[in-house]
Amino acid sequence: MYCRYFCRLHIISSQKDTIYFLAKTFEDLLSTANPKVFYHAVSIGAHPLRTVFPWIFTAFAGVLPVFQVLQLWDRIIAYNTLELLPTLAAAIYLFRADHVLEAKSANEVHSVFKETVHIQAIPLLQHFLFARSKT
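Let us look at the structure shown here. These figures come from a predicted structure and were not determined experimentally.

Criteria and cut-off values
Residues numbered from 1 in each chain as written. Predicted model: local features only at pLDDT ≥ 70, side-chain atom pairs only at ≥ 80, totals over all residues. Heavy atoms only, no water. Buried < 20%, exposed > 50% of the residue type's maximum accessible area, 1.4 Å probe, protein only. Helix = DSSP H or I, 4+ residues; strand = E, 2+ residues; numbered from the N terminus. Polar contact = N/O pair within 3.5 Å; in protein donor to acceptor, adjacent residues only side chain to side chain. Axes fitted to C-alpha atoms, helices over the stretch in contact; angles between N-to-C directions. Left-handed = near helix turned anticlockwise from the far one by under 90°. Contact = heavy atoms within 4.5 Å. Nonpolar A, V, L, I, M, F, W, Y, C, P; charged D, E, K, R; others polar.

1. A closer look at unusual backbone geometry
Located in the positive-phi region is Phe60, a residue other than glycine, with phi close to 70°. Accessibility expressed as a relative area gives 0% for Phe60, which makes it buried. Phi is positive for Asn80, close to 55°, though the residue is something other than glycine. Its place among the elements puts Asn80 in the loop between helix 4 (66-79) and helix 5 (84-95).

Structure below.
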């Protein structure tokens, strides 16, 4: 897994599936799907990428329960792309969008995302992908 996919997370380049490309993909997905949440977070000093960058960089290891991480990694292998990482990050961010909009400071936004154990990653990912494909 590391040699084929995750080594790209340590390459600073704009080529597909490298960390810079994935970070930009996350920002594009989030700002397109819900600009209000994106710009609210930026305006209070809690840039969304600061929150999700560690998730993408570690491919959600240590963020989600192990079985969910493995399910995500199975999909990375199946689709042969790391683009699922920023897509899932955007889906999780949008799942907590109401709480982000209520936040008044960067610390409040960061506390919204401290607990990710109860998040069902694959259903969120599917909902995000299929809801976007219908529009």
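Right, picking up where we left off after that structure.
2. Quick look at the side chain of Ser31
With respect to the element layout, Ser31 can be found in helix 1 (residues 19-33). At 2.8 Å, the side chain of Ser31 and the backbone oxygen of Glu27 are in polar contact. Side-chain polar atoms of Ser31 contact the backbone oxygen of Asp28, separated by 3.4 Å.

3. Concerning the packing of helix 1 against helix 5
Helix-helix packing is characterised by the crossing angle of the two axes and by the distance between the axes. Packing of helix 1 against helix 5 leaves a shortest axis separation of 8 Å and a crossing angle of 35°. In this structure, helix 1 crosses over helix 5, and the sense of that crossing is right-handed. Within the contact between the two elements, helix 1 uses Leu22, Thr25, Phe26, Leu29, Leu30 and Ala33 and helix 5 uses Pro86, Thr87, Ala89, Ala90, Tyr93 and Leu94. A class-by-class count of the residues in the contact of helix 1 with helix 5 yields ten nonpolar, two polar and no charged.

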